[in-house]
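Structural description and commentary
This is what each chain is made of:
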Amino acid sequence: MSREKLIVRYNAAERINHWLVALCFVLLALSGLALFYPAFFWLTGIFGTPQLARIIHPFVGVLMFVGFLRQFFRYWHHNLINAEDIKWMKSVGSVLRGYEVGDIGKYNGGQKGLFWLMCVCLLALLASGIVIWRPYFSPSFPIPLIRVALLTHAVAAVLLIAGIIVHIYAAIWVKGTIRAMVEGVVTYGWAKKHHPRWFREMTGQSGAKEPR
Amino acid sequence: MALQSQDILRRSASPTQPPVAREHKIEVAKLIDVTTCIGCKACQVACAEWNDLRDEIGSNVGVYDNPADLSAQTWTVMRYNEVEENGKLEWLIRKDGCMHCADPGCLKACPSPGAIIQYANGIVDFQSEHCIGCGYCISGCPFDVPRLSQKDNKVYKCTLCSDRVMVGQEPACVKTCPTGAIRFGSKEDMTAFAGERVEDLKTRGFPNAGLYDPAGVGGTHVMYVLHHADKPGLYSGLRKNPTISPVVKLWKGLLKPLATIGFAAAGLFGFLHYIGVGPNRPDDDDGEDQA
Ligand code: HEM
Ligand code: SF4
Ligand code: SF4
């Protein structure tokens, strides 16, 4: 254990930032789905009463957006898509069978794709969320626009929630990943296997056995 | 209002059957004969009086419309419009308010179980204690009727005096109208009576007279006799073919099964993949990694 060779992947501020956004997401997704699915209306209970859920949801939404914005500025430059990522995306099939594809940096094609999906969804959720936000903002918008915003908000929420399911599953599937966001560190082995280019950048070592 | 009702056709956000033991109740309708309305606003006053509503005193904006619009405290307003038809000036006056649609967009949009119900007699009524103030109904309504109260963040609109109708009385506006321009009865009777009125109007120089009972919302339980049924827009923007917006239909319709399939697919994929392929661990681990 003491001999474990570790690389810091996320510092404390980054981890707190991530889990704050994650907490907001869970509250938003549950209270939002309560309004979306009649049979799950009882989920409004996470904020106490249905009225309270309706009132609190948008404020938590703004908090999540601000938290995510901080993450955006931390990570956007790690998420620019390059040729290796395209290769990765084209070979998701073998990735899913457990093979590594491409000389991956800090993030792989899937993680980058999800990053941009989250950016788009959160922007759409904020913009549409403001238009449908009663009693404060909606009265300034025409009803046909509010209808489009309601649809947009629901669609963006569905996409985001589906994306996050994938995000969570990926973290569970790839062992050692959750530790990165809880303790902040990953092992040499993890980095070498899944993010060889990032491993070299961080350690100055070549990843010895290059993945195919 | 909160009396036990056993004649509920539809209940907002409720996937299971509401109580329909008394669903045999006959459908009612209020018929507003625009051609015999003199715009006296007695109905407006009667509505405020019976329903105990007190809107803020507004200011005169230079036209007869007063108050200028519906509000949480004004459930019906007379709308006045001057038009030239057949070379003559016509003063068209329409009593605006909830149409009590057979297919109510407000009810379709509402996310709160039981906040909006439709009785077997056709009345669409808000149950304010269940209202969460989201305003979805405002977007769902094709007639721009429901209004959010600034005081309690609940939405209000005409109840068709469901409390009076329940005990066999006509709505307050009907009772008050001095010219008999507003009538109330079974939808069948009102439609038949409107037919007579329309025939009469046709012989009096209004060949396009007709009954406004728009099919796009399944018909309404508040109907108009119009002199110009071909141009309902003349009556302060009454819509010609009102329907629930396709955007609202998509949001409240197709999107739900699509979302369910999406979530289920994502979840199921994860489960099957983990069981089938198993976890992804670093193979040559210098740092025994077993998180
Ligand atoms: C970014 C800032 C956000 C704002 C300003 C916002 C605002 C709103 C508002 C005003 C509503 C209408 C109900 C109410 O008044 O509470 C709503 C509903 C909803 N929100 Fe948000 N929200 C935001 C973020 C999110 C996020 C991140 C999610 C999902 C993960 C989400 C999911 C939903 C869902 C599913 C609904 C119900 C939509 C429906 O009934 O079809 N929202 N939101
Ligand atoms: S404002 Fe009230 S009545 Fe209107 S949709 Fe929301 S919960 Fe239903
Ligand atoms: S007119 Fe609007 S508020 Fe009235 S029943 Fe129809 S959809 Fe609902």
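Residues numbered from 1 in each chain as written. Chains lettered and ligands numbered in written order. Predicted model: local features only at pLDDT ≥ 70, side-chain atom pairs only at ≥ 80, totals over all residues. Heavy atoms only, no water.

What to know about the coordination of the iron atom of ligand 1
All names here are of chain A. For the iron atom of ligand 1, the full set of protein donor atoms is His57 (NE2) and His153 (NE2), and the range of their distances to it is 2.0 Å. Classification of the site at the iron atom of ligand 1 rests on its six donor atoms, whose angles at the metal span 84 to 179 degrees, yielding the label octahedral. With His57 in helix H2 (residues 50-75) and His153 in helix H6 (residues 143-173), this residue pair connects regions lying 96 residues apart in the sequence. In this structure His153 comes out as buried when scored by relative accessible area, which is 17%. (Donors = N, O, S within 2.8 Å, 3.2 Å for Na, K, Ca; no water. Tetrahedral: all angles 85-135°; square planar, octahedral: opposite > 155°, others 65-115°. Helix = DSSP H or I, 4+ residues; strand = E, 2+ residues; numbered from the N terminus. Buried < 20%, exposed > 50% of the residue type's maximum accessible area, 1.4 Å probe, protein only.)

Structural notes on the packing of aromatic side chains
In total, this model carries 24 aromatic pairs over all chains according to the counting rule given. Taking 5.9 Å as the distance between ring centres and 10 degrees as the angle between the ring planes, the aromatic pair formed by A:Phe72 and A:Phe115 counts as stacked. Within this pair, whereas A:Phe72 is found in helix H2, its partner A:Phe115 is found in helix H5 (residues 109-131), the two being separated by 43 residues in sequence. Taken together through their ring pairs, the aromatic side chains of A:Phe68, A:Phe72, A:Phe73, A:Phe115 and A:Trp116 make up a single cluster. The ring of B:Trp251 has B:Lys252 sitting right over it, with the charged end atom 4.5 Å from the ring centre. (Phe/Tyr/Trp six-rings, centres within 6.5 Å; stacked < 30°, edge-to-face > 60°. Lys NZ or Arg CZ within 6 Å of the ring centre and 35° of its normal.)

Some thoughts on the confidence of the model for chain B
Residue and element names in this part refer to chain B. Of the residues in chain B, 96% have a pLDDT of 70 or more, and the chain-wide mean is 94. Low confidence marks residues 287-291, where pLDDT is under 50. Its contacts with residues over four positions away, or in another chain, come to 13 contacts. Confidence metrics for the complex model read pTM 0.94 and ipTM 0.93. (pLDDT = per-residue confidence, 0-100. Contact = heavy atoms within 4.5 Å.)

Looking at the UniProt feature "binding site: [4Fe-4S] cluster 4" (unreviewed entry) in chain B
Residue and element names in this part refer to chain B. In the numbering used here, UniProt assigns the "binding site: [4Fe-4S] cluster 4" (unreviewed entry) feature to Cys110, Cys131, Cys134 and Cys137. The named residues occupy 28 residues along the chain; their greatest pairwise C-alpha distance, 10.2 Å, places them in one compact cluster. Its location among the elements puts Cys110 in the loop between helix H2 (105-109) and strand S5 (116-119). Beyond its immediate sequence surroundings of up to four residues, Cys110 is in contact with Ser12, Ala13, Ala115, Ile116 and Lys252. Along the chain, Cys134 turns up in the loop between strand S6 (124-126) and helix H3 (136-140). (UniProt positions renumbered as here; feature names shortened; annotations may be inferred.)

Quick look at the site of ligand 1
A:Arg54, A:His57, A:His153, B:Tyr136 and B:Trp251 are the nearest of the 25 residues found near ligand 1. The local environment of ligand 1 is shared, drawing residues from chains A and B. A:His153 is positioned such that a nitrogen or oxygen atom in its side chain is 2.7 Å from a nitrogen atom of ligand 1. With respect to ligand 1, the side chain of B:Tyr136 contributes an N or O atom lying 3.0 Å from an oxygen atom. For the shell around ligand 1, the secondary-structure elements that each account for two or more residues are helix H1 (12-36), H2, H5 and H6 of chain A. Looking at which element gives the most residues to the shell around ligand 1, the answer is H1(A), with seven residues. In the shell around ligand 1, the residues fall into 19 nonpolar, five polar and one charged. (Near = heavy atom within 4 Å. Polar contact = N/O pair within 3.5 Å; in protein donor to acceptor, adjacent residues only side chain to side chain. Nonpolar A, V, L, I, M, F, W, Y, C, P; charged D, E, K, R; others polar.)

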